[in-house]
Every structure is written in structure tokens, then in C-alpha cells.
Amino acid sequence: MESFHEVLLGCMKQADELGVQGRYERLAAGLDETFDLPFMARTLVGATWQELTPEQQADFVVLSRRLSASRYADNFDGYGGQHFETHSEEPAARGTMVVKTELVQPKDKNVQFDYRLRKVEGRWRIIDIYLDGVISELVLWRGQYRSLIENEGFEKLVEALEKRIDELSRE
């Protein structure tokens with residue numbers, strides 16, 4: 001997680017030099033190192049995951065990675081003296097751990113990022129982020145994804161996410 005913070009700050013500090021695509025590439029690599037993307041993709045899709053072919057599952061993990069990297073590249077697009085502080089690590093349900101951190105922003109309100117991690121092959125990996133300590137990104141996106149799947153089908157979800165990635169890469 002600390003290494004991901006370093007990647008985020010590096011992208012922020014070199015935002016103009018890297019551009020959206022450069023930030024995206026660095027962030028995608030950082031996601032691979034610190035997040036359990038397959039777990040997150042399965043969780044986002046829910047029961048529909050079992051109905052997908054192995055190829056569709058693998059493609060959705062890649063799509064989720066692309067979307068996450070695109071969102072981070074879009075959101076972390078400049079530097080104004082920010083830094084991350086880690087406040088605590090606490091055991092949590094089902095053998096997970098919560099690491100409480102804060103993005104300290106000299107010119108704006110600080111943002112609390114609490115990370116839920118689980119051990120995967122001997123390494124702690126991020127499986128969820130709670131903004132301001134209460135808003136689970138996984139729960140937020142899962143509700144939206146599942147609603148779209150139920151109302152319009154899995155392929156419409158894929159189309160919507162591809163469209164969002166395209167929009168973020170142009171901003």
C-alpha cells in the first residue's frame with residue numbers, strides 16, 4: 001500500500017510531464033502490485049461471475065484494471081504539496097486488515113483513505129478502499145454494476161465501462 005501511495009504521489013508530481021496516458025501506465029502497474037484485482041472483479045459482478053466463461057472472467061479483470069487505472073490517472077492529475085500519512089493497522093473480519101491513512105492536502109480538506117487488505121499468496125493485497133472511512137468503493141460500484149447487469153445484461157455493463165474508460169482517457 002505504501003508503494004501504491006508512492007506511485008500516486010509520483011504521478012501527481014509529474015502529472016503534466018506524464019500526461020493522462022503516462023499516469024495511466026504507471027498506475028496500472030501499481031495496481032498490479034498492490035491490489036487483488038481478480039477478487040475485486042468477482043465481487044463487483046456477484047453471482048453472474050459463475051455464469052461467465054473463463055475468458056469473459058479474465059477479460060473483465062483486465063477491464064476492471066483499465067477502469068481503475070483510468071480513474072486514478074484522471075483524479076490524481078496535479079500536485080500541491082500533498083502527502084500520505086498512515087495512522088493505524090487493525091485486524092478486521094475474515095482475516096483481513098484495515099489500514100487507516102490520510103491524504104494530507106495543504107490547500108484543501110484532508111481525505112481519509114482506509115484500505116481493506118487480505119493475504120494472497122503470502123502478500124497483503126488491497127481489496128477495498130473506504131473514502132472518508134465509511135464509503136466502500138467496492139460496495140458503491142457493486143450496486144451499480146449489479147443493477148446494470150440485472151436490468152440490461154453483462155454485455156451492457158462491459159460497454160458502459162469501455163465507454164467510461166474512453167471518456168477518462170480524453171479528459
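A brief report on the enclosed structure follows. The structure presented is a predicted model; accordingly, all values stated were derived computationally and were not measured.

## Description of the overall build of the protein chain
Part 1 of the reasoning: Per the secondary structure count, the protein chain includes six helices and five strands.
Part 2 of the reasoning: The secondary structure elements of the protein chain, listed N-terminal to C-terminal, are α-α-α-α-β-β-β-β-β-α-α.
Part 3 of the reasoning: Relative to the 2.2 N^0.38 estimate, which gives 16 Å for 171 residues, the radius of gyration of the protein chain is 16 Å and therefore close to what a compact globule would have.
Part 4 of the reasoning: Its C-alpha atoms give the protein chain principal-axis dimensions of about 45 × 40 × 30 Å.
Part 5 of the reasoning: Taking all 171 residues of the protein chain together, the buried fraction comes to 43%.
Part 6 of the reasoning: Long-range contacts, defined as pairs at least 24 residues apart, comprise 50% of the intrachain contacts of the protein chain with a sequence gap of at least 6.
Part 7 of the reasoning: Carbon and sulfur atoms form 48% of the exposed surface of the protein chain, whose accessible area is close to 9,500 Å².
Part 8 of the reasoning: When the 22 basic and 31 acidic side-chain charges of the protein chain are each reduced to a single mean position, those positions are 2 Å apart.

## What about helix α2 (residues 15-34)?
Part 1 of the reasoning: Between its terminal C-alpha atoms α2 stretches only 21 Å, short of the 28 Å expected from 20 residues at 1.5 Å a residue.
Part 2 of the reasoning: The principal kink in α2, of about 75 degrees, is found at glutamine 21.
Part 3 of the reasoning: The set of residues buried in α2 consists of Ala15, Leu18, Gly22, Arg23, Tyr24, Leu27, Ala28, Gly30, Leu31 and Thr34.
Part 4 of the reasoning: Contacts made by the buried residues of α2 are with α1 (2-13), α3 (37-45), α4 (54-75) and β4 (123-131).

## Observations regarding α3
Within an α-helix, residues lying three or four positions from one another point in the same direction, as the helix has 3.6 residues per turn.
Part 1 of the reasoning: Most of α3 sits inside the fold, with seven of its nine residues counted as buried.
Part 2 of the reasoning: Residues Leu37, Phe39, Met40, Ala41, Thr43, Leu44 and Val45 constitute the buried set of α3.
Part 3 of the reasoning: Contact partners of the buried residues in α3: α2, α4, β3 (111-120), β4, α5 (137-152) and α6 (154-170).
Part 4 of the reasoning: Taking the backbone nitrogen of phenylalanine 39 as reference, a side-chain oxygen 3.3 Å away marks aspartate 36 as the first, capping residue of α3.
Part 5 of the reasoning: Glycine 46, located one to two residues past α3, shows a positive phi value of around 75 degrees.

## What to know about the packing of α1 against α2
Between two packed helices, the angle of one axis relative to the other and the distance separating the axes together describe the packing.
Part 1 of the reasoning: In the contact formed by α1 and α2, the axes pass within 8 Å of each other and the chain directions differ by 175 degrees. Taken together, the axes of α1 and α2 lie roughly antiparallel to each other. Facing α1, whose interface residues are Ser3, Phe4, Val7, Leu8, Gly10, Cys11, Met12 and Lys13, α2 presents Ala15, Leu18, Arg23, Arg26, Leu27, Gly30, Leu31 and Thr34.
Part 2 of the reasoning: For the contact of α1 with α2, the class distribution of residues is nine nonpolar, four polar and three charged.

## Some words on the nonpolar core
Part 1 of the reasoning: Core analysis: the largest hydrophobic core is formed by 47 residues, its most contacted members being Phe35, Phe60, Tyr72, Tyr115, Phe154 and Leu157.
Part 2 of the reasoning: Dropping the residues within four chain positions of it, tyrosine 115 is found in contact with Met1, His5, Phe84, Met97, Val98, Val99, Thr101, Ile126, Asp128 and Ile129.

Thresholds applied
Residues numbered from 1 in each chain as written. Predicted model: local features only at pLDDT ≥ 70, side-chain atom pairs only at ≥ 80, totals over all residues. Heavy atoms only, no water. Helix = DSSP H or I, 4+ residues; strand = E, 2+ residues; numbered from the N terminus. Rg over C-alpha atoms; globule rule 2.2 N^0.38 Å. Buried < 20%, exposed > 50% of the residue type's maximum accessible area, 1.4 Å probe, protein only. Contact = heavy atoms within 4.5 Å. Areas by Shrake-Rupley, 256 points an atom, 1.4 Å probe, with all protein chains shown as cover. Lys, Arg positive; Asp, Glu negative; His and termini not counted. Charge placed at Lys NZ, Arg CZ, Asp CG, Glu CD. Expected span 1.5 Å × (residues − 1). Bend = angle between axes of the 7 residues up to and from the residue. Polar contact = N/O pair within 3.5 Å; in protein donor to acceptor, adjacent residues only side chain to side chain. Axes fitted to C-alpha atoms, helices over the stretch in contact; angles between N-to-C directions. Parallel < 35°, antiparallel > 145°, perpendicular 65-115°, else oblique. Nonpolar A, V, L, I, M, F, W, Y, C, P; charged D, E, K, R; others polar. Core = buried A, V, L, I, M, F, W, Y, C linked by side-chain atoms within 4.5 Å.

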